[in-house]
Amino acid sequence: MISRASAVFLALTGLALLFGSDVILPTLIPGDPPAAAWLGQLLAAAWLGVAVLNWYSRSAVLGGIYGRPVVSANATLYFVSALTIVRAATGLAGSRALWLLAVPFALFAGAYGALMFRGPFDSLDVK
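Residues numbered from 1 in each chain as written. Predicted model: local features only at pLDDT ≥ 70, side-chain atom pairs only at ≥ 80, totals over all residues. Heavy atoms only, no water.

Caption draft 1: Representation of helix 2 (residues 37-56). Compared with an ideal rise of 1.5 Å per residue, which puts 20 residues at 28 Å, helix 2 spans 29 Å between its outermost C-alpha atoms and is within 8% of the ideal. Among the residues of helix 2, Ala37, Gly40, Ala44, Trp47, Val50, Ala51 and Asn54 are the ones counted as buried. One side of helix 2 carries all its buried residues, which in axial view fall inside an arc of 140 degrees. Of the residues in helix 2, the exposed ones pointing more than 90 degrees away from the buried face are Trp38, Leu42 and Tyr56. Where helix 2 is buried, its residues contact helix 1 (2-28), helix 3 (68-91) and helix 4 (96-116). (Helix = DSSP H or I, 4+ residues; strand = E, 2+ residues; numbered from the N terminus. Expected span 1.5 Å × (residues − 1). Buried < 20%, exposed > 50% of the residue type's maximum accessible area, 1.4 Å probe, protein only. Arc of directions from axis to C-beta. Contact = heavy atoms within 4.5 Å.)

Structure below.
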């Protein structure tokens, strides 16, 4: 379930940034020049790549040693993204959009962090 939610979230944000980075980036970062739209498109490519990875692994068992590459890639992406967005939001006045963007990244970072350090069947009562 988390892989599907993550894939949809990253695909939507990645597509929005891919096709609208010249509009989205100046909204999030005041003073961002329109010529820097390629940076947003580069970030969108990374998010879309991880979205595809998550979509293809949506039926795989994740947690513990199972699916470790997928879980670690997602945990790293979401943790670093959440920290970066929070740091940028604290440095900018009136950056409500950045704070709203930080919330799903922090939630996914926690979810994938929990998956990394527990077994895939810990929540199930399978004997």
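Back to the write-up after that little detour.
Caption draft 2: Just the environment of arginine 96, in detail. One can find arginine 96 in helix 4. By relative accessible area, arginine 96 is classed as exposed at 67%.

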